[in-house]
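# Structural features, examined
Residue strings, one per chain:
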Amino acid sequence: MNDSHNAEVADKVEKISRGDVRAIARVLTELERPDSPWARSLVRELYPRAGQALVIGVTGSPGSGKSTLVARMALTYREAGLKVGIIAVDPSSPFSGGAILGDRIRMQSLASDPGVFIRSMATRGQLGGLSAAVEDALTVLDAAGYRILLLETVGVGQDEIDIVSTAQVTLLVLVPGMGDGVQAIKAGVMEIADVFVINKADHPETARAERELRSFLRMINRDDRWNPPLVKTVATTGQGVEELVNTIQSFRDFRPNGTEPRRKAVQRQRLLRLVSQRLVTRILSSVEPDELDRLAERLGAREIDPDTALEQLILKCGLAVLEEKSE
Ligand SMILES: Nc1nc2c(ncn2[C@@H]2O[C@H](COP(=O)(O)OP(=O)(O)O)[C@@H](O)[C@H]2O)c(=O)[nH]1
Ligand SMILES: [Mg+2]
């Protein structure tokens, strides 16, 4: 890499370590581009300096009150004097477009608070690039001194599960009166939830939802012996939010270090995701733009078989290393 590249990286490292908000914003934008060489070098530099922050994943269906809850939690952590970063991975999130939760005055105070950094993130490139972009963004905010990182995702696809699985604590936000209740929760999400939240506890069906969920929670048997607790909140008023924050802390106390098997499995997955993303990006960037379409068409017409198509793509980009070794 040349000198101007190195100078740019060094300049950004310095600014981010100082917590320069404009530099952070600039870098996060750059990270959403699929292939920014200096942003990548920057994350390399920052990664060893990060690791102080508590990353809290907040997932659940659209409309369950995640954004409202995240804003409330942010206010609580701010009262404790901690800098808070919020990343919303939700296309419909009220955090997007600079509008913070409409007209609610207390929430708006977050927007003007220099100790709070809020960002919505959308898809980077193709094929799961989003989780890598989010992880990089968390690294940047962590290195910039944000001690609490709240990560809001809609718990639907594998992408979201990948994203929240990198959090140290994951909250699953449920609401009363969901109809089919606990059964509606996707298995993958259920497994990664460390704390269950029944938000909208001002709803008349709350007691029933709580009964259902408690009987479900009794069946959970985790390797780490943690019994996922249930906290009821009313995010719109802030009721229960302090208890939630305390519960998160007790989970953190329960697992003070990040080296147990689950953490290791998460990092393994993360690495494998990066490998496949990088390889796919390389293949796509070395074949003609319409090559993939042509092969797809021929596959559909059964003029070519998938294995031969794969070989053609691999040979085209000279990735001999990818060729299957025959014994
Ligand atoms: N009654 C009630 N409404 C809530 C509560 N929490 C959030 N809401 C409302 O639910 C709607 C969706 O909230 P939002 O935070 O955007 O949900 P998200 O899609 O999960 O991020 C908004 O109109 C909120 O005001 C709550 O505890 N009680
Ligand atoms: Mg939201």
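Everything that follows concerns the structure shown earlier in this document.
Residues numbered from 1 in each chain as written. Chains lettered and ligands numbered in written order. Predicted model: local features only at pLDDT ≥ 70, side-chain atom pairs only at ≥ 80, totals over all residues. Heavy atoms only, no water.

Attention shifts here to the site of ligand 1. Around ligand 1, the structure places 17 residues, and the nearest of them are G63, K66, S67, T68 and D202. One of the side-chain N or O atoms of K200 is found 3.1 Å from an oxygen atom in ligand 1. With 3 residues, the single largest contributor to the shell around ligand 1 is helix α4 (residues 66–79). Partitioning the shell around ligand 1 into residue classes produces 4 nonpolar, 8 polar and 5 charged. (Near = heavy atom within 4 Å. Polar contact = N/O pair within 3.5 Å; in protein donor to acceptor, adjacent residues only side chain to side chain. Helix = DSSP H or I, 4+ residues; strand = E, 2+ residues; numbered from the N terminus. Nonpolar A, V, L, I, M, F, W, Y, C, P; charged D, E, K, R; others polar.)

The buried fraction of strand β2 (residues 84–89) is high, at 6 of 6 residues. Burial of the side chains of β2 extends over both faces: V84, I86 and A88 are buried on one face and G85, I87 and V89 on the other. Relative to strand β3 (residues 116–120), β2 runs parallel, the two sharing 5 bridges. Residue pairing in the sheet places I86 in a bridge with I118 of β3. (Buried < 20%, exposed > 50% of the residue type's maximum accessible area, 1.4 Å probe, protein only. Pairing = 2+ DSSP bridges.)

Within the open sheet, the 7 strands sit side by side as β3-β2-β4-β1-β5-β6-β7. Their pairing is parallel. Single-partner strands in this sheet number two, and they are β3 and β7 (230–232). With direction set aside, neighbouring strand axes in the sheet form an average angle of 20°. As paired elements, strand β1 (residues 54–60) and strand β4 (residues 148–154) share 7 bridges and run parallel to each other. Opposite I56, over in β4, you have L150 as the bridge partner. Across the sheet, helix α7 (residues 158–165) touches β1, β2, β4 and β5 (169–174), and the angle it forms with β4 is around 165°. (Axes fitted to C-alpha atoms, helices over the stretch in contact; angles between N-to-C directions. Contact = heavy atoms within 4.5 Å.)

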